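Summary of structural features
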Amino acid sequence: MAIRFEEIKPAVGSRVVWDDRADIFTPEAAQLLRAKLAERTVLVFPKLDLTDDEQIKITDLMGGKVKLTGQFNKQDTDENVYQVTLDPEINPQPEYVLGTYFYHMDGMPVDFPPPFATLLSARKTAPKGGQTEFASTLAGYAGLPEAERAELDCLKVIHSVEASMVPLRGLIPAEQYEKVIGIQREIERPLVFTHADGHKSMLLGTTADRVVGMSIPEGRALLVRLLEWCCQPAYSLRHEWQEGDLVIWENTAGLHRAMPYDPASGRMMHRTSIAGAETVA
Ligand code: OGA
Ligand code: MN
């Protein structure tokens, strides 16, 4: 077989193994990877050493690229590749990247279907910190008692940019903070997301602000409790980056966050996103 998979943990994560690197860039491989992602949430490709063109190629083969953020960086890479960095020479607006220190899902408060998956490739690692952690809300949901799952199934959650900025309060000067949260994007999404194959996961993270129909404290307490549940060791993992690694995760089934790192470390990740399905059950 051209591509093989090794389990990282029983409930989450697979390492991808290949004999011939070229076998990864085919439509057949893309279909296989999509199916594996739906099952395992996180796929690690050790030392794949992607070029930007190759990363865009995999992204397109796996479902088509989607742009999540405007381009503020002073970067010379392809416009479809977002450079995740705190290097002040490249990134004049570090607040969004600092927001990656807190568990989230990409593209949640934005008014289009949440991206199916995110691809992150390590171009330069930090000597200390900078690992990426994942918590599977697919495994977490499956591990809940049936009665609780049934209650969660009908809930709706408001996601907002403002909520995702809360962990950065006190860091960003007031007027700039107002400008960022002034985007005032809010969107209602189901708490429980039903995938094409029938599996269910939960849409959680810093953007999840409140539960529709619940009091604010009750709803937020529920969101925190569910997030903590998904972070238990059986459902979560930490990736220690080596330069050249690629990780793809199912964005609507896996919370992710970066471990803090020194902005002067030069840590540089290249990110692309795969578009989500039009219908969100
Ligand atoms: C992101 C992100 C995590 C990391 O770019 O959306 O969450 O480890 N990055 O840099
Ligand atoms: Mn992210």
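That block above? That's the structure.
First things first, this report covers the structure right here in the doc. On a predicted model such as this, the values are computed, not experimentally measured, just so you know.

What counts, and where the lines are drawn
Residues numbered from 1 in each chain as written. Chains lettered and ligands numbered in written order. Predicted model: local features only at pLDDT ≥ 70, side-chain atom pairs only at ≥ 80, totals over all residues. Heavy atoms only, no water. Salt bridge = Lys/Arg side-chain N within 4 Å of Asp/Glu carboxyl O. Helix = DSSP H or I, 4+ residues; strand = E, 2+ residues; numbered from the N terminus. Buried < 20%, exposed > 50% of the residue type's maximum accessible area, 1.4 Å probe, protein only. Pairing = 2+ DSSP bridges. Axes fitted to C-alpha atoms, helices over the stretch in contact; angles between N-to-C directions. 1 Å grid on protein atoms, 1.4 Å probe; cavity = no way out; pocket = protein on both sides within 12 Å on 5 of 7 lines; lining within 4 Å. Points joined across faces, edges and corners; volume = space filled by probe spheres on them. Nonpolar A, V, L, I, M, F, W, Y, C, P; charged D, E, K, R; others polar. Donors = N, O, S within 2.8 Å, 3.2 Å for Na, K, Ca; no water.

Describing the pattern of salt bridges
Side chains that differ in charge, positive against negative, can pair when their charged atoms come close. Counted by the stated rule, this structure contains 14 salt bridges. A salt bridge links Arg210 to Asp209, with the shortest nitrogen-to-oxygen separation between them at 2.7 Å. Of the charged contacts in the structure, one is a salt bridge between Asp209 and Arg220, with a shortest N-O distance of 2.9 Å. Taken together, the residues span a long stretch of sequence, with Asp209 in strand E11 (residues 208–211) and Arg220 in helix H8 (residues 216–230) at a distance of eleven residues. Under the relative-accessibility criterion, Arg220 is labelled partly exposed at 37%. Put simply, Glu186, Asp209, Arg210 and Arg220 are held in one network by salt bridges that share partners.

A look at the sheet that holds strand E7 (residues 156–160)
With antiparallel pairing, three strands are arranged side by side in an open sheet as E8-E7-E11. With one partner strand each, in any of the chains shown, strand E8 (186–190) and E11 form the two edges of the open sheet. In this sheet, adjacent strand axes meet at a mean angle of 30° when their direction is disregarded. As paired elements, E7 and E8 share five bridges and run antiparallel to each other.

Regarding empty space enclosed by the protein
Across all of its chains, the model carries two cavities of 30 Å³ or more by this definition. The wall of the largest cavity is formed by twelve residues, among which Lys67, Leu68, Asn80, Tyr82 and Arg271 lie closest to the centre. Its residues placed into classes, the lining of the largest cavity shows four nonpolar, five polar and three charged.

Here we look at the sheet that holds strand E4 (residues 82–84)
On the basis of which strands lie adjacent, the open sheet formed by seven strands has the order E1-E2-E3-E13-E5-E15-E4 and mixed pairing. Looking at which strands have only one partner, the edges of the open sheet turn out to be strand E1 (3–7) and E4. Averaged over all adjacent pairs, the angle separating strand axes in this sheet is 25°, with direction ignored. Pairing analysis gives seven bridges linking strand E5 (residues 117–124) to strand E15 (residues 268–274), with the strands arranged antiparallel.

Looking at unusual backbone geometry
In most cases, non-glycine residues show a negative phi, while peptide bonds are predominantly trans. Of note, Thr41 is a non-glycine position whose phi angle comes to about 70°, a positive value. Along the chain, Thr41 falls in the loop between helix H1 (27–40) and strand E3 (42–45). In the Ramachandran plot, Lys47 falls in the positive-phi region, its phi being about 50° despite a non-glycine side chain. Inspection of the secondary structure assignment puts Lys47 in the loop between E3 and helix H2 (52–61). Judged by relative accessible area, which is 46%, Lys47 ranks as partly exposed.

Notes on the coordination of the manganese ion (ligand 2)
Ligation of the manganese ion (ligand 2) by protein atoms is provided by His104 (NE2), Asp106 (OD) and His256 (NE2), these donors lying 2.1 Å from the ion. Mapped onto the sequence, the residues coordinating the manganese ion (ligand 2) show the spacing H-x1-D-x149-H. With His104 in the loop between helix H3 (95–98) and E5 and His256 in strand E14 (residues 254–258), this pair connects stretches of sequence that are 152 residues apart. Note on His256: relative accessible area 6%, which makes it buried.

Any functional reading would require information beyond the geometric quantities listed.
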